[in-house]
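Secondary and tertiary structure notes
What follows is the residue order along each chain.
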Amino acid sequence: MLGRTDSRLRLVALLGVFAVIASILGVRLAYWQLGQGPELRRIADSQQPQTNTADEVRRGDITDRNGNILATTAYRDLLAAYPDLMTDVQRDKTALGLATILGLNTQQAAALRSSLGSDDSAPPKYLVIDKQLTETQSDAIRSGMTSGDLAQLGLEPHPVRYYPSAGGSPGTTLASQLLGFVTQDGQGRSGVEQASQSVLSGAGSATADAGGNAPLPQTGGGVQLTIDAGLQLRLEKELYTAWVADRAPRVTGVVMDPYTGAILAWGSVPGYDENNYGTTAQDSPDMFTDPIVSEVYEPGSVMKMFTSAAALDEGVVTLTTPVEDQKALHFGAAIVQNFDKKSMGIISFEDAIAHSRNVVAGKVAMM
């Protein structure tokens, strides 16, 4: 037939081409799956976030009587590296870049570079460089990874304890000695953080998935205190003023509701910054001790308030009752004196309370 051509040879040639291509693809696929499979799986695993079941529990908040947050959970990045995936050039460049971002000195920078290893020394597969970056450091590292200045790094977010309110004296957080702090292993140390560890950490309250497998992320219980954050700040400022003016080793104060006994404010100066407890641990670990509950005081002025309250309640005196203040009051061999060892003469009972006169309190106690 005119114009007809035999296509059998053409079909055979086309099938041959397809067969060759399929063979090449099969060989290549076998190379990646069998020959390079273990290495590819190792690389993929190293790029997965490192999770920790303990870190999945979000610690509960501590709030004041009005719901203001005194302690909460924030998230900061852990910086990890995968040195075995780096070349020596990348190790040099990455160590130099991180030294600048993390503010390392010459010795620390050299130690970092050494920890990354080399092609000749079997470098580690996974290396934690910093457990808690600032937001600025995290942003700088992300930028360096995008630009290629930093290689084979991972940022792994994890929860950290955060105290958002500044205290009444410089460099402190609010109610630091009352609240305590939380270490990197999630353990509350001193104060409310330690006393309420089981509640805040959610210990014993883990939930499991439908198959009864690994615990799911959870939140610890919250703790609400009776203190008022505003009054707490005001108390700490007053204590700081007295501490500076009197050059006292330490000043403490407690404010209570006289009708219920609820603690409205509880403070001591000097305090510390709970967000930077590591520095305090190195320089002044005694700051972690709350003197209000840990030290012994002479009860003199405290007991005067009980004596005065009892006298007013029984009608023995009123606030305007005139009472003679003397230099000393003798009880047999015992002598009671005022702190200044002076007399203020005839004063009202209200003034005697205001000036904390020991002799007047003794006379009223006998009455």
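Residues numbered from 1 in each chain as written. Predicted model: local features only at pLDDT ≥ 70, side-chain atom pairs only at ≥ 80, totals over all residues. Heavy atoms only, no water.

1. Considering the overall build of the protein
Cut-off, in case you're wondering: Only runs of H or I of at least four residues qualify as helices and only runs of E of at least two qualify as strands under DSSP, and these elements are numbered from the N terminus. Burial here depends on accessible area, computed with a 1.4 Å probe over protein chains only, as a share of the maximum for the residue type. Under 20% is buried, over 50% is exposed, and the range in between is partly exposed. Residues are treated as being in contact if the distance between any of their heavy atoms lies within 4.5 Å. What sets the accessible areas is the Shrake-Rupley method with a 1.4 Å probe; for residues, cover comes only from the shown protein chains.
A tally of helices and strands in the protein yields 14 helices and 15 strands. Per-residue burial for the protein yields a buried fraction of 33% across its 367 residues. Long-range pairs, those at least 24 residues apart, make up 65% of the contacts in the protein between residues at least 6 apart in sequence. Total accessible area on the protein is roughly 22,200 Å²; 57% of this is exposed by carbon and sulfur atoms.

2. Regarding the pattern of salt bridges
Any two side chains of opposite charge can pair, given that their charged atoms come close. What counts here: By definition, a salt bridge exists where a carboxyl oxygen of Asp or Glu is found within 4 Å of a side-chain nitrogen of Lys or Arg.
Per the counting criterion, the structure on display carries 15 salt bridges. A salt bridge links Asp61 to Arg58; its shortest N-O distance comes to 3.5 Å. The salt bridge involving Arg142 is made with Asp77; its shortest N-O contact spans 2.8 Å. You can see Arg142 sitting in helix H5 (residues 135-147) and its partner Asp77 sitting in strand S3 (residues 69-81), a full 65 residues away along the chain. One salt-bridge network, in which partners are shared between bridges, spans Asp88, Arg91, Asp92, Arg113 and Asp119.

3. Overview of the side chain of Lys304
Condition: His is not counted, nor are the chain ends; Lys and Arg add positive charge and Asp and Glu add negative charge. We define a polar contact as two N or O atoms separated by no more than 3.5 Å, with the added condition that, inside protein, one atom must be a possible hydrogen donor and the other a possible acceptor, whereas residues neighbouring each other in sequence contribute only through side-chain atom pairs.
Of note, Lys304 is situated in helix H12 (residues 300-314). Of the side chains bearing the opposite charge, Asp325 lies closest to the buried Lys304, which forms no salt bridge; the N-O distance is 9.6 Å. For Lys304, the side chain forms a polar contact with the side chain of Asn358, separated by 2.5 Å. The contact partners of Lys304, leaving out residues within four places of it in the chain, are Ser356, Arg357, Asn358 and Ala361.

4. Concerning the packing of aromatic side chains
Stated precisely, the cut-off is as follows: The criterion for an aromatic pair is that two Phe, Tyr or Trp rings (for Trp, the six-membered ring) have centres within 6.5 Å, with stacked assigned to planes under 30 degrees apart, edge-to-face to planes over 60 apart and tilted to the rest.
Counted according to the given criterion, the structure contains six aromatic pairs. Seen in terms of ring centroids, Tyr82 and Tyr126 are 5.8 Å apart; in terms of plane orientation they differ by 55°. Their pairing is tilted. Of the two residues, Tyr82 is situated in the loop between S3 and helix H3 (88-102) and Tyr126 in the loop between helix H4 (106-115) and strand S4 (127-130); the sequence distance between them amounts to 44 residues. On the basis of relative accessibility, which here comes to 32%, the residue Tyr126 falls in the partly exposed class.

5. Brief notes about the packing of H3 against H4
So the rule is basically this: Axes here mean lines fitted to C-alpha atoms, for a helix over just the part in contact, with angles spanning 0 to 180 degrees between N-to-C directions. Working definition: roughly parallel below 35 degrees, roughly antiparallel above 145 degrees, roughly perpendicular at 65 to 115 degrees, and oblique for all remaining angles. It is the rotation of the near helix from the far one that decides the hand of a crossing: anticlockwise by less than a right angle makes it left-handed, clockwise makes it right-handed. All amino acids are sorted into three groups, where Ala, Val, Leu, Ile, Met, Phe, Trp, Tyr, Cys and Pro are nonpolar, Asp, Glu, Lys and Arg are charged, and the leftover types, Gly among them, are polar.
In the contact formed by H3 and H4, the axes pass within 9 Å of each other and the chain directions differ by 150°. When the interaxial angle is binned, H3 and H4 end up roughly antiparallel. Considering how the two elements wind past one another, H3 and H4 form a crossing that is right-handed. For the pair H3 and H4, the contacting residues are Asp88, Arg91, Asp92, Ala95, Leu98 and Ala99 in the first and Ala109, Leu112 and Arg113 in the second. Residue composition of the contact of H3 with H4, by class: five nonpolar, no polar and four charged.

6. What about the packing of H3 against H5?
Across the interface, H3 lies against H5 with an axial gap of 10 Å and an inter-helix angle of 155°. On the basis of the axis angle, H3 is roughly antiparallel to H5. Read as a crossing pair, H3 and H5 show a hand that is right-handed. On H5, the residues that touch Leu98, Ile101 and Leu102 of H3 are Gln137, Ala140 and Ile141. For the contact of H3 with H5, the residue count by class is five nonpolar, one polar and no charged.

7. Brief notes about the nonpolar core
Definition in use: Grouping buried Ala, Val, Leu, Ile, Met, Phe, Trp, Tyr and Cys residues that are joined through side-chain atoms within 4.5 Å yields what is termed a nonpolar core.
Residues Ile62, Leu70, Leu178, Leu179 and Leu225 are the most contacted members of the largest nonpolar core, which totals 21 residues. Non-local contacts of Leu178, meaning those with residues more than four positions away in its chain, are made with Gly191, Val192, Leu225, Ile227, Trp266 and Asp290. Leu79, Ala81, Met86 and Leu112 belong to the second largest nonpolar core, which has 13 residues in total.

8. So, the confidence of the model for the protein
Heads up, the rule is: Per-residue confidence from the predictor is given as pLDDT, running between 0 and 100.
Overall, the predicted model of the protein reaches an average pLDDT of 85, with 87% of residues at or above 70. Every residue in residues 49-55 scores below 50 in pLDDT, and together they form six contacts with partners more than four places removed in sequence or on other chains. Below pLDDT 50 for its whole length, residues 204-217 participates in 16 contacts with residues either more than four positions away or in separate chains.

9. Thoughts on H3
In an α-helix, one full turn covers 3.6 residues, which means residues spaced three or four apart are oriented alike. Here is the rule we go by: Here, expected helix span is obtained from the residue count minus one, scaled by 1.5 Å.
An ideal rise of 1.5 Å per residue puts 21 Å on 15 residues; H3 measures up with 21 Å between its terminal C-alpha atoms. Structurally, H3 contributes buried residues whose contacts are with S3, H4, S4, H5 and strand S5 (153-162).

10. Re unusual backbone geometry
Geometrically, the link from Val269 to Pro270 is a cis peptide bond, its omega value of 5° lying close to zero. A positive phi is found at Arg247, a non-glycine position, where the angle reads about 50°. Mapping Arg247 onto the fold places it in the loop between helix H9 (229-246) and strand S10 (251-256).

11. A look at H5
So the rule is basically this: An arc is given here, and it is the one of the directions from the helix axis to the C-beta atoms.
Taking 1.5 Å of rise per residue, 13 residues should cover 18 Å, and H5 covers 19 Å from first to last C-alpha, within 8% of that figure. All of the buried residues in H5 are Gln137, Ser138, Ile141 and Gly144. All buried residues of H5 lie within an arc of 125° about the axis, which places them on one face of the element. Of the exposed residues in H5, those oriented more than 90 degrees away from the buried face are Glu135, Thr136 and Thr146.

12. Remarks on the environment of Ser169
Counting through the fold element by element, Ser169 comes out in the loop between S5 and helix H6 (176-179). On a C-alpha basis, the gap between Ser169 and Val269 in space is 7.7 Å, while along the polypeptide they are 100 residues apart.

13. So, the pairing of strand S11 (residues 263-269)
Sheet faces and side chains relate simply in a regular strand, where the side chains alternate between the two faces. We apply this condition: Strands pair, by our definition, only if DSSP identifies at least two bridges between them.
Counting buried residues in S11 gives six out of seven residues, a clear majority hidden from the surface. Pairing of S10 with S11 involves six bridges; the strand directions are antiparallel. Looking at S11, one finds that Val255 is bridged to Ala265. What sits between S10 and S11 in their antiparallel hairpin is a turn of six residues, with Gly261 showing a positive phi close to 80°.

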